Structure formats: C-alpha cells, structure tokens
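Listed below, chain by chain, are the residues.
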Amino acid sequence: MTSSYSLFLFKRHRVHGMLKLYYGLNEEGKAEEQPESLDPCDINGPHFDPELFLNKLRRECSLAELMDQETCMVKQIRSLDSDMQTLVYENYNKFISATDTIRKMKNDFKKMEDEMDCLSANMAAITEFSARISGTLQDQHAQITKLSGVHTLLRKLQFLFELPARLNKCLELQAYAQAVRSHRRARCVLQQYSHLPSFKGIQDDCHAIMDKLAQELRQKFRDGGSSAKDLSECVELLLQLDEPAEELCDKFLSHAQSRLDTIPSPTSNTDILEFIDRGCNEFVSSLCLVITSYQELFINHAQKGELASKNIPQMANGKLNAFVDDLAARYFSLVERRIQEEKGVADNSLLVRALDRFHRRLQAVTKLLPGSAVPNQGTEIVIRAATERVKQYLSALQSFYMDSLTDVRQALATPRLPELLSSLSASILNQIKSVLASVHLFTAKDITFSNKPYFKGEFCSQGVRESLVVSFIKFVCQSSRQFCESAGDKGGSTPPALLLLLSRLCLDYETSTISYILTLTDEQFLVQHHSPVTPVTTLCAEAREAAQKLLNHYVKVQGLIISQMLRKSVETRDWVNTIEPRNVRAVMKRVVEDTTSIDVQVGLLYEEGVRKAHSSDSSKRTFSVYSSSRQQARYAASYTPSAPMDTNLLSNIHKLFSERIDIFSSVEFNKVSVMTGIIKISLKTFLECVRLRTFGRYGLQQIQVDCHYLQMYLWRFVSDENLVHFMLDEIVGSSAHRCLDPAPMEQSVIEVICERG
Amino acid sequence: MEDDAPVIYGLEFQARALTAQTAETDAIRFLVGTQSLKFDNQIHIIDFDDENNIINKNVLLHQAGEIWHIGASPADKAVLTTCYNKTSDSRVVSCAAVWRMPSDWETGSHESPDDSAHNPQTLELLCHLDDSAHSNAACVLWEPMGDGKRVISLADNHALLWDLQESSTQATVSSTATLEGKGQLKFTSGKWSPHHNCSQLATANDTAIRGWDLRTMSQIYCIENAHGQLVRDLDFNPNRQYYLASCGDDCKVKFWDVRNVQEPVKSLEEHSHWVWSVRYNHSHDQLVLTASSDSRLILSNMVSISSEPFGHLVDDEELSEGEDNHQEDNQSNKKKKKVLINYSSFE
C-alpha cells in the first residue's frame, strides 16, 4: 500500500515538475532547498542519470521487482503523455479566445475617437458664446456697483442725520444701552468729518445728548437704589462712554459698601451658629456678588476692550483688594467679638460647625480673589478661636479638678478613701476624655479647616497635647505642691487625708495615667511631633515629685500633730514633783490610737511595703534587751560618781555605730515607710522636749513607763523596729540624765503597769 | 584655719550655752556654760589661737546651777550673765544673775593651766536679775555696743530692762513690757537690735516674732506665724537694720524685712530637724550659720540679701571653711554628747 501511495505522490510531483520545465519556469530556488534531487538515481531530479539508475536497479532488484518497476514506469509514461495532450489542448483554446478579444477592442476604439472630436468642437462654440455675453454685460455691472455704494452711503448719512432724534428717543425710553450702541457706531465717522459744518452740527447735538445721557446714567448710578444688575449695566455703559474708570470703581465700591454696611451686629441671644449663618448668608454672599460683578465690569471686561491699555485692571484690582480687606476686617472684628463671647464650653460642636461654615464660605472669596489676604485672616481667626477654646477647656478642666477636690474634701469624713480616690481619678479621666473628644471636633475630616497645616500639625501637638493635656497634668502636680507649701506655714489647713489621697493620685498618674492620657491624645490627634514636645518621662517625674512631696508633707503634718501632743504633755507637767507612776499617761494611749488610725488610713491607699525581718516575738524579746541588759548597765554606770564619763562614752560609742537618723527625710511610697516617718518625727520631738526638762525620780519612772508602752505598740508600724528601740532608749537615757534622783523603776513593775493599760 | 585640722574641745558635761566674749578684742574667746544636775557646773573660757590652731581653756565654777543661757558684757570682759536652773527642795527655779570672773584667772592659767583645771576658781556673784514678781528667766541680753550698764532679761511673758549700777553690783528694773494674750504666753528667745541706737528688741514666743521699742516698751511689729512651729532663735543682720533671721522647729531658716512682715524675704529649708540657733557673721553678713538637732551645722552664703550684693568674698576658701565647721561640729557633737553650739563669732 505504502509503496503505491508514494508512487502516486511521486508521479504527481513529477508531472508538475515536468510541466514547469516545459514552461521554463525557474524552480532553482526550490531546487536548492531539496538537496535530495542531486541524487542521480532520482528520476525526477535534474541530475538524473538513466545509466546509473538502470545499473542501480539491475544491481539491487530482483527480477520480479524489475518487472514491477518496468510496468510502473510504462504506466507513468503513459499518463504523462495523456497529461501533456490535455495541457496542449487547453492552451490552444485560450489562445483562440484571446485573439477574438483583441479584434473586438480594435473596433470599439475607433468609435470612441469620433465622439471625442465632436465634443471638442462643441466646447469651442460655448466659449465663444460666453465671451460675447460678458462683453455686453460689462457696463451695467459697473453701474450697479456704484449705485449700491451710493445707497449705503446714503443710508449711513440718514442714520447720522437721524441719530440725534434717535438718541433722544432712546433717552426718553431709557434704552440707554441702545443709545450708547448707536452713538458708538457713529462716533468715529463724526469725528472724521467734523470739519464739515453739517456733520459738526450733528456731532455737537450727539455730544449734548450723550452728555445728558451720561448725566442721567451717573444720576442713576449715584442714587444707588437700583439692583446690582442695573448698577452693573450702568457702569458698563458709562465705561463705554469713556467715563474715568477709577472714579467709577470708587463709586461702585462705595455703593457696594453702603449696601454691605448692614452687617448683622452680634446679639448675644442668638447662638453662634445662627450668627455665623446670618453673617455668611448676608455678608459673605453679597460680598461675593460684589466681587463678581466688579471683576466682570472692570477687570475681565476691560481686558477685552481698549481700556486694557490704560492699566485699568491693575488699578481696579488694587481698589477691589483694598475694599475687600477693609470690609472683611470689619466683619472679622465682629465675628471675633462674637466668638469671644462664646465662653461656655458645654457644646463645642456648635462652635466648630459655625467656624467651619465661616471658613467654608470664605473659600468662595479665595476662588474669586486668589491673591486676597481675607481667607488667611479667616483661617487665623479660626486658629485663634481654636486656641482660645483650648485655653478655655484647660481652665474648665482646672476648675473641674479644683471642684472635685472640694467635693473630695467634703467627703473625706467617710473612711472610704479608695473609693474616693478611684471616683476622683475616674471622673478626672472622663472629663479629660470628653474634653479631648470636644477638641477633636476641630480636626474632624468633614471640617474644611481641619486639613490646614496648622490643624494638622501645630494644633495637635502644641495646642492640644502641650497646652491642654500637658498643662493640665502640670497643673495637677503644681496644685498638689501648693497644698504642701500653703499648708506648711499656716499649720495644716489641708486635711492630712486629702494630702494622702492626692499623693496616691499623683503616684497613679506617674505609673499609668499620664502615659495613658498622652497615648490617647497622640492616637486621637495623630500628633506628629514637628516641634519638641514634653516627653512622658518628664511629666512622670514631675508627678512623682509631687507625689513624693505630698507624702512627705503628709508625714510631716501627721508627725507634727502627734509631736504637738507629746510636746504639750512634756512641757506642761511638773516632772520634779510628780507622784509615783500608777499607769500609762493618757496622752500615750492617745498617741498609739492616733498612730493606729493613721496606719489604717495609709493602709487604705498604700501597699504594706517591706520591713526588716521581725524577730519571732518582737515586743517581748527586744523589749527585754532594751530595758534589762543595756539600759540597766547604763544606769548602773551613771550612778557611780567615780565614772561620770562612762555614760557619755557608752552612748557616744553606741551612736558612732548606729546609723544617723534623718528625721524629716523623704519617705517611700508604702505604708511602712510612711509610718516610720511619722513615728520618727514624733519620737524625736519627745526626745528633744525631754532634754529641756528636769525630772524627779518619779518623773523618770513615768517616762520609763510611757516609753515601754510606746515600745509595746509602735514597733509593729515601722520598717525597722530597732529604730523605735533606739529612739526610745535615747529618750529614757536622756531623761535619766536630766534626772535629779535617777532611780529607775523595776522592769517587772513597768511591764505590769503597761499591761494593765 | 583653712587647711588646718579641726580643733576639738571636749567638755565633761553637756552644754547648751555658748557665747563669744565681745569685749575681748585681742583674742578669739568663747564662753561655754555647762549643764549638769549632779555636779557643780562650770564655765569654760576657750581661747582659740588661730595662728597656731590650738585651743587654750580655763574653767571657772558656776555653782548656782545648770546654765541655760550665757551672755558676755560688751564693755567689761570679766563680766557675764547667765540664766540657770537652781534645784532646791525638789523644785526647779530658773534664775538669772550677773557674775564677775575672778581677776587672776588669766594669769593663773597661763602659768599652770593644769592647776586651774584641777582647782577651778569660782565666779563672783555681782547681782541677781530677779525680783519676786518675775522669775523663770529664759535669757539675758546685753545692750549691744553699750557700756555694759543695761541688760534685758526675758522672764515668762515679761521683758525686763535692768540698769546695772555701782559696777554692776546693783540692778534695778527701769521698765518692763508684758506680752498679753490668751493662754500662757512665754518668751522663748530674744535679740537686742544693734541698730536704731539700740532702741529695739525682737522677741520670739511660740510661732510669733515681735519687735519692741525700748523707749516706750511697746510693741512695734509682730510677725504672726513666722514659723510653722516654735521659733527657737533670732539674729539681726549686723549691717542692714531691717533684716532679721529666724529659725524654728519647722526646720526652716527665714529672713525677714521687718518693714514688711507678711512674707519672709527668703526661706531656707536645709535642715532635717529643729533649727536651734541662727547667727550672722559679724563682718560678712552674707554668711549665716545655723545649728540644728539633726546634728548638722550649715553655713549658708546668702549673697542676695546681704549688704554686699555681689559677694566678692565668695570663693573656695569660704566654702571650705563651711565644711570645716561642719566637721568640727560633727565631731565635737559626738564628743560632747549632743551639745548645741552657737558659734557667735568666727573671725
């Protein structure tokens, strides 16, 4: 099958190739792409060598194959012959038909040539006729042209002669515009021919009429009662009549001014939004109208016409700017006065909306007058108003803070300090938040002025963050410090509990609230710190300092209250002639009670704090050391007259090795430290007072009893009980030293008395 | 004493009274009065030799009682006053008296200082500054720069002006002023102003400071609540007549212009406990020394309110002197067991 098919293909190919050869078609391009055709055995190739092919066949093929090959070859030759015959026949037919066509064409062309000759003859005849006609019509045409020229001239003349009458009529009908238009048309001609008497007359007449007209226009203009449209028409006409533009500008503006002068004066009973609304509707819109018509008249219009050369636009522009500035300044002063009346901080949105509207309306002026300073001034007003508002909020916050302090002060009687503290700090925080929310309105997206650079940058950082939030925090710290200072001289005008409360408040501010508030602010206002701002750490340090100061002051005040009791009790008693002690003096019980209540109070707000490790049973064990061994030894030494220096030596050596006690030193933020401070102050006072007195035997014993009592109860409050022991030791030692007859009481007796209470 | 070691002088007893002997012009001399209930009290006369940086001492016996306040006559260097507590029959009485030192203490001491220590001589009593109506003298003030004839004693709520006659052996009360008010008022301390012809006196009671005119014995000004608590001491600026320094239990030192008593001119809060004593330096009034029971002595340089507004004296030397004082005080404090010292004069 395959061989027969390939044979068929081969045959087709060969047929075409041969036909091509026959017609001399150059197939070289293709032949080059078929290198196989170089094969001398390829029967279709150009290099076919029959000898080789035959040899090859003979060599390679069997007889049967040769037979096949031969029949195949014969078949091919036969078909090729028949193909050739067909082709020859076809070509012959085509040739015959081509010859026929050529013959037919020859006949057609012959006919066409004749027709063309005829056409050219006709054309020549037409040309001749046409020349003849134009020759005859020449004269008449010239005449008609002349006549029509005369007609136009006459019409013009008629117009001129009729002009005065027409102008008069226009004047009567108040059709000023038409009159001016007519006059303008005639003016040049009249000017040109004014040397002719008749034209001169017409011109004079016209002038007179036009003067009258101008007069009337001016009158109308001056009267001012007419609408803005009429007015502008007047101005337009006058301009066309060569009136001096400057004067017109002035007059126009003065008219406009008289109309705009009726700016609404601020009446305080209308709210600010309404006021601004009215101001915008009445003033700003009519101002815009004036600007538009003015520009239309004097600037845009003049630029088109011949007036442009006279520098009128510049002049007019200058006048307009001055005019707008003047008016705007007056309007702004009104607005500003009104804004300043806006003191209440209750509803900020109204003000913001009013300002927004104000600012938005002024944008119209910007569009009309690109170079004007008015919008900038408007923005400045808005900025000033905003800053003013921030200030008001600050003072409102401050007064709120002071008010809440007053409330707290009144509520101090109840022993619910933590609740008071949390409610105070929560209410302050809420107030700050609401103020921030109010202020935030200034930077809301839909407010036109919020995308001004001021409101994006400086307002947020300097305005809100610095002068509102930071100032408030500083104010809190400062007012707290003032509590310390004012109270210091007058002796505790501030209740101690308030000091404690405020101290805790400041401390809370330091630890969390300040950074919270500032973060909140920064987030809400997206503060970008272009200018240096107060860092959180500074504020925290300030708050901490205030807290420290308050707590120190609290310690001092409480310490002084107890000191005062102790001092009075020591100073007013006759210690030489006192009776043998039977019980602890009431004042000591009072001291312990007060200390306990202070401890409770402080414990409500401050953490316990660290204290040095207690010995297992502090009061008992240390007490025995305190009075039996050390104290007794000291007394024993002081009784022997032979060694008066021993007392001094002993206590001095003791002092050298003990830490120096700073009495009014700073305390830490915990209960124990606070209590230690208070007790230190009290005991030091006790000591100093004792040193100023002289004691009898029983006086010393009473002091012993009192000190033991204090010892029993005070150790638990302080961080280092040794401190109490040491100071009480000192007191007993000093009183022994100031004693005329130092005979100390038996330790057991002291204990019995103290336990009896 | 710029680079010298601090000079320490130890006393056997506690002492609360110290003064500079103003009539002595040649030497730097202090008088210290001791407090002891059980032994005879002494007056130590301490000479400071600033060339050799050593101290010479003499001891005189003051047998009347423990000394709470001492004052040296501005005219006669042998005369002094003391306020003392006398205990008799289990009662404690505060008295004041004028004394004369024995005439030969100086010569004796120079020959054998050890002897004088062992056998101290006794003060000679000139007169008592007490009468039956007024006792409990808190302090006695000599007329500054006077001839040693006039003293003021503050007793309870009275200020008594005494004239000393016949070589101070006789004292008569020439005039008195009484502090009137609610409760038991009591003068705690006072100072005789060296200005205005020595006609003014400033006193302290509780938290108030009062000024008196000695010619009429009437009050001329009053600083209520000058300190938060008790006012402990006063001193007049030696060069500026209206300026007054005060100190008290509120740990503060305040400077007042007595023409305007509403606000202090300046307030210092350096000490951490009661300030017992305040003194101006006599020639450089920007230097103010304060002593406190926080065991510290502070020398402050108050150029802004001194009579020399632009302190040309302020240099390292002054500061180091302050430190020296400090040291000395700390150490002497330890030696003397809580002695309160008034450095009245330190030149």
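Residues numbered from 1 in each chain as written. Chains lettered and ligands numbered in written order. Predicted model: local features only at pLDDT ≥ 70, side-chain atom pairs only at ≥ 80, totals over all residues. Heavy atoms only, no water.

- Chain B appears in an unreviewed UniProt entry as EARP complex and GARP complex interacting protein 1 from Dicentrarchus labrax.
- In its Sequence similarities (unreviewed entry) section, the UniProt record describing chain B reads: "Belongs to the WD repeat EIPR1 family." (UniProt positions renumbered as here; feature names shortened; annotations may be inferred.)

- Chain A appears in an unreviewed UniProt entry as Vacuolar protein sorting-associated protein 51 homolog from Dicentrarchus labrax.
- Listed in UniProt under the heading Subunit (unreviewed entry), the comment for chain A reads: "Component of the Golgi-associated retrograde protein (GARP) complex. Component of the endosome-associated retrograde protein (EARP) complex."

**Describing the overall build of chain A**
Next, step 1: Helices and strands together make up the secondary structure of chain A, namely 23 helices and 0 strands.
Next, step 2: Among the 757 residues that make up chain A, the fraction classed as buried is 43%.
Next, step 3: Long-range contacts, defined here as pairs at least 24 residues apart, represent 81% of the contacts in chain A between residues at least 6 apart.
Next, step 4: About 40400 Å² of surface is accessible on chain A, with carbon and sulfur atoms providing 57% of the total. (Helix = DSSP H or I, 4+ residues; strand = E, 2+ residues; numbered from the N terminus. Buried < 20%, exposed > 50% of the residue type's maximum accessible area, 1.4 Å probe, protein only. Contact = heavy atoms within 4.5 Å. Areas by Shrake-Rupley, 256 points an atom, 1.4 Å probe, with all protein chains shown as cover.)

**Some words on the pattern of salt bridges**
Next, step 1: A complete count under the given rule lists 18 salt bridges over all chains for this structure.
Next, step 2: Two residues, Lys-684 of chain A and Glu-688 of chain A, come together in a salt bridge whose shortest N-O distance is 3.4 Å. In this pair, Lys-684 of chain A and Glu-688 of chain A are both assigned in helix α20 (residues 671-691), 4 residues apart and thus about one turn of the helix distant.
Next, step 3: On the basis of relative accessibility, which here comes to 2%, the residue Glu-688 of chain A falls in the buried class.
Next, step 4: Put simply, Arg-232 of chain B and Asp-249 of chain B hold a salt bridge, and the shortest N to O gap is 2.7 Å. One end of the pair, Arg-232 of chain B, is in strand β18 (residues 231-236); the other, Asp-249 of chain B, is in the loop between β19 (243-248) and β20 (253-257), with 17 residues separating them in the sequence.
Next, step 5: Arg-232 of chain B gets classed as buried once you look at its relative accessible area, which sits at 13%.
Next, step 6: Judged by its relative accessible area of 0%, Asp-249 of chain B is buried. (Salt bridge = Lys/Arg side-chain N within 4 Å of Asp/Glu carboxyl O.)

**Overview of helix α13 (residues 417-440) of chain A**
Next, step 1: For α13 of chain A, built from 24 residues, the straight-helix expectation of 34 Å at 1.5 Å per residue is met to within 8% by its first-to-last C-alpha distance of 34 Å.
Next, step 2: Within α13 of chain A, the full set of buried residues consists of Leu-417, Leu-420, Leu-421, Leu-424, Ile-428, Leu-429, Ile-432, Val-435, Leu-436, Ser-438 and Val-439 of chain A. (Expected span 1.5 Å × (residues − 1).)

**With respect to the sheet that holds β20 of chain B**
Residues and elements named next belong to chain B.
Next, step 1: With antiparallel pairing, the 4 strands of this open sheet are ordered in space as β18-β19-β20-β21. In the strand order of this sheet, the two ends are held by β18 and β21 (266-268), each with one partner. Neighbour-to-neighbour, the strand axes of this sheet turn through a mean angle of 20 degrees, independent of strand direction.
Next, step 2: As paired elements, β20 and β21 share 3 bridges and run antiparallel to each other. Each bridged residue has a counterpart across the sheet, and for Lys-254 the counterpart in β21 is Ser-267. (Pairing = 2+ DSSP bridges. Axes fitted to C-alpha atoms, helices over the stretch in contact; angles between N-to-C directions.)

**Digging into the packing of helix α17 (residues 586-605) of chain A against α20 of chain A**
Residues and elements named next belong to chain A.
Next, step 1: Contact geometry of α17 with α20 gives a least axis separation of 9 Å together with a crossing angle of 155 degrees. Judged by the inter-axis angle, α17 sits roughly antiparallel to α20. Between α17 and α20 lies a crossing of right-handed hand. Here Met-588, Thr-595, Ile-598, Asp-599, Val-602 and Gly-603 of α17 come into contact with α20, specifically with Lys-671, Val-674, Met-675, Ile-678, Ile-679 and Phe-686.
Next, step 2: Split into classes, the residues belonging to the contact of α17 with α20 amount to 8 nonpolar, 2 polar and 2 charged. (Parallel < 35°, antiparallel > 145°, perpendicular 65-115°, else oblique. Left-handed = near helix turned anticlockwise from the far one by under 90°. Nonpolar A, V, L, I, M, F, W, Y, C, P; charged D, E, K, R; others polar.)

**Points about the packing of helix α16 (residues 536-571) of chain A against α17 of chain A**
Residue and element names in this part refer to chain A.
Next, step 1: Packing of α16 against α17 brings their axes to within 10 Å, and their N-to-C directions diverge by 170 degrees. Judged on the interaxial angle alone, α17 and α16 are roughly antiparallel. Contacts between α16 and α17 involve Tyr-554, Gln-558, Ile-562, Met-565, Leu-566 and Ser-569 from the former and Val-587, Met-588, Arg-590, Val-591, Asp-594, Thr-595, Ile-598, Gln-601 and Val-602 from the latter.
Next, step 2: Here the contact of α16 with α17 is built from residues that sort into 9 nonpolar, 4 polar and 2 charged.

**Side note on a nonpolar patch on the surface**
All names here are of chain A.
Next, step 1: On the surface, a nonpolar cluster with roughly 420 Å² of combined accessible area is contributed by Met-116, Leu-119, Met-123 and Ile-126.
Next, step 2: Considering the arrangement of structural elements, one finds Leu-119 in helix α4 (residues 63-173).
Next, step 3: Taking the relative accessible area as the measure of exposure, Leu-119 reaches 48% and is therefore partly exposed. (Patch = residues over 30% accessible without salt bridge, like charges linked within 9 Å, V, L, I, M, F, W, Y side chains within 5 Å.)

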